[in-house]
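# A look at the structure
Here is what each chain is made of, one letter per residue.
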Amino acid sequence: LHKLGVHVSFDVDETTRKPRPRRIESGLGTHQPGDPGWPEAVRLALCTASTDLSLIRHFCWTHLIASPGLAVATRNCLPAEHPLRRLVWPHMYGTQCTTSMTIQGQMVPGGEFPDIFSLTHRGMCSFFTASYPKYRLSVLDPAADARHRGIAGAGFDTPSQDNLQALFDVMHAHAVRYVEAYY
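Attention here is on the structure that accompanies the text. Remember, it's a predicted structure, so these values are computed and weren't measured experimentally. (Residues numbered from 1 in each chain as written. Predicted model: local features only at pLDDT ≥ 70, side-chain atom pairs only at ≥ 80, totals over all residues. Heavy atoms only, no water.)

### A word on the overall build of the protein
Applicable threshold: Strands are runs of DSSP state E lasting at least two residues, helices are runs of H or I lasting at least four, and both sets are numbered from the N terminus onward. The globule rule used for comparison is 2.2 Å times the number of residues to the exponent 0.38, while the radius of gyration itself is calculated over C-alpha atoms.
Scanning the protein for helices and strands turns up 6 helices and 3 strands. Along the protein, helices (α) and strands (β) appear in the sequence β-β-β-α-α-α-α-α-α when read from the amino end. On C-alpha atoms alone, the protein measures out to a radius of gyration of 20 Å, which is more than a quarter above the 16 Å that the 2.2 N^0.38 rule sets for 183 residues. On the principal axes, the C-alpha backbone points of the protein span a range of 65 × 45 × 20 Å.

As C-alpha cells, then:
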C-alpha cells in the first residue's frame, strides 16, 4: 500500500484539446511519461482520484454534509402541502434513505468501505472529518464550481463538465417551470 495523495500536472494537447499528464508527484517520487515508475504513479493517481471522488466528493459532501441540512430545512420550514417541499422532498427522502443504508452496511467498522478503499474505519472517519471544512456550497452549481476550479474557459475540452452542466440545465428548467406554475 502507498499513501494516497498526488499532484498531477497537465499540458493541453493542441490537436485533441484534451489535457495530458506531464508530471506526477507523489510518495513514489516525481515521474514523467516514459519513466520506469510512470505506470505505478498513474495507478496511484487514479486510486487517489477514485477515493476522493467516491468517498469525499460524493458520499461525504452529498450524503453527510449537504443533504442532511437541506432535508432538515425542507421538512422543518415548509408545510407538507407546500409546492417547493413537494418538489424536493422525494429526492431528500431518497438521499437520506441511501445514506442510512450506506452507513449501516458500508461505513461501519468491518463494513465495505474500509475494504474497498484500503482505509481503516478510524482513518476513513478522520478523512471525512478533514474534508468538512473544504466543502463549498458552490459545488451544487456546475458553472460556479467550474469557475472556482479554474476549468471554465481554460482552453481544453471538458466533456464531463459539459455533461454535468447540461443535466443541471434540464433539472433547473424543470424546477423553474414547476415553481412558475405555483407562483
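There is more to say, and it comes next.
### A closer look at the side chain of Ser 67
Defined as follows: Accessibility here uses a 1.4 Å probe with only protein chains present; expressed as a share of the type maximum, an area under 20% marks a residue as buried, one over 50% as exposed, and anything in between as partly exposed. Polar contact is the term for a pair of N or O atoms within 3.5 Å; when the atoms are in protein, one must be able to donate a hydrogen and the other to accept it, and sequence-neighboring residues count only if both atoms are side-chain atoms. Residues are treated as being in contact if the distance between any of their heavy atoms lies within 4.5 Å.
Within the secondary structure, Ser 67 is located in helix H1 (residues 38-77). We classify Ser 67 as buried; its relative accessible area is 4%. Within polar-contact distance, the side chain of Ser 67 engages the side chain of Gln 96 at 2.5 Å. Not counting residues within four places of it along the chain, the set of residues in contact with Ser 67 comprises Thr 62, Met 92, Thr 95 and Gln 96.

### Structural notes on the packing of H1 against helix H4 (residues 121-131)
Let me state the cut-off plainly: Working convention: axes come from line fits to C-alpha atoms, limited for helices to the stretch in contact. Angles between N-to-C directions cover 0 to 180 degrees. Angular relationships are summarised with four words: roughly parallel below 35 degrees, roughly antiparallel beyond 145, roughly perpendicular across 65 to 115, and oblique for the angles in between. A clockwise turn of the near helix away from the far one marks a right-handed crossing, whereas an anticlockwise turn of less than a right angle marks a left-handed crossing.
At a minimum axis separation of 10 Å, H1 and H4 run at an interaxial angle of 65 degrees. Judged by the inter-axis angle, H1 sits roughly perpendicular to H4. The handedness of the crossing between H1 and H4 is right-handed. Here Thr 51, Leu 55, Ile 56, Phe 59, Cys 60, Trp 61 and Leu 64 of H1 lie close against H4, whose contacting residues are Phe 127, Phe 128 and Ser 131.

### Some points on unusual backbone geometry
For residues that are not glycine, phi is negative in most cases, and the peptide bond is trans in most cases. For Arg 17, which is not glycine, the phi dihedral falls at a positive 60 degrees. If you trace the backbone, Arg 17 turns up in the loop between strand S1 (7-12) and strand S2 (19-26).

### Some remarks on the state of the cysteines
To keep things clear, this is the line we draw: In plain terms, two cysteine sulfur atoms within 2.5 Å form what is called a disulfide here.
If you walk through the whole model with that rule in mind, you get 0 disulfides. Free of any disulfide, Cys 60 has its nearest cysteine sulfur in Cys 125, 10.0 Å distant.

### Points about the pairing of S2
Basically, it comes down to this: Two strands are said to pair when DSSP picks up at least two bridges between them.
Summarising the sheet, S1 and S2 pair through 6 bridges and their orientation is antiparallel. When the sheet's bridge partners are listed, His 7 is paired in S2 with Glu 25. Here S1 folds back onto S2, and the loop between the two strands holds 6 residues, one of which, Arg 17, carries a positive phi near 60 degrees.

### Here we look at the nonpolar core
Where we set the bar: For the purposes of this section, nonpolar cores are sets of buried Ala, Val, Leu, Ile, Met, Phe, Trp, Tyr and Cys residues that join through side-chain atoms within 4.5 Å.
Phe 59, Cys 60, Trp 61, Met 107, Phe 113 and Phe 128 are the most contacted members of the largest nonpolar core, which totals 14 residues. When residues of this core are traced back to their parent elements, those giving at least two are H1, helix H3 (112-117) and H4. Per element, the largest residue contribution to this core is 8 residues, and it comes from H1. Setting aside residues no more than four positions away along its own chain, Phe 59 makes contact with Ser 54, Leu 64, Thr 102, Ile 103, Met 107, Phe 113 and Phe 128.

### Some details on the layout of surface pockets
Spelled out, the test is: Points on a 1 Å grid, built from protein atoms alone, make a cavity when a 1.4 Å probe fits but cannot get out and make a pocket when they are open with protein on both sides within 12 Å along at least 5 of 7 lines; residues with an atom within 4 Å of a point are the lining residues. Grid points are joined across faces, edges and corners, and a volume is the space filled by probe spheres set on the points.
In this structure, the second largest pocket occupies an estimated 290 Å³ of space. Around the second largest pocket, the lining comprises 14 residues; the ones closest to its centre are Leu 1, His 2, Leu 4, Cys 47 and Ser 118. Breaking the lining of the second largest pocket down by element, the ones donating at least two residues are H1 and H3. Ranked by residue count, the leading element in the lining of the second largest pocket is H1, at 6 residues.

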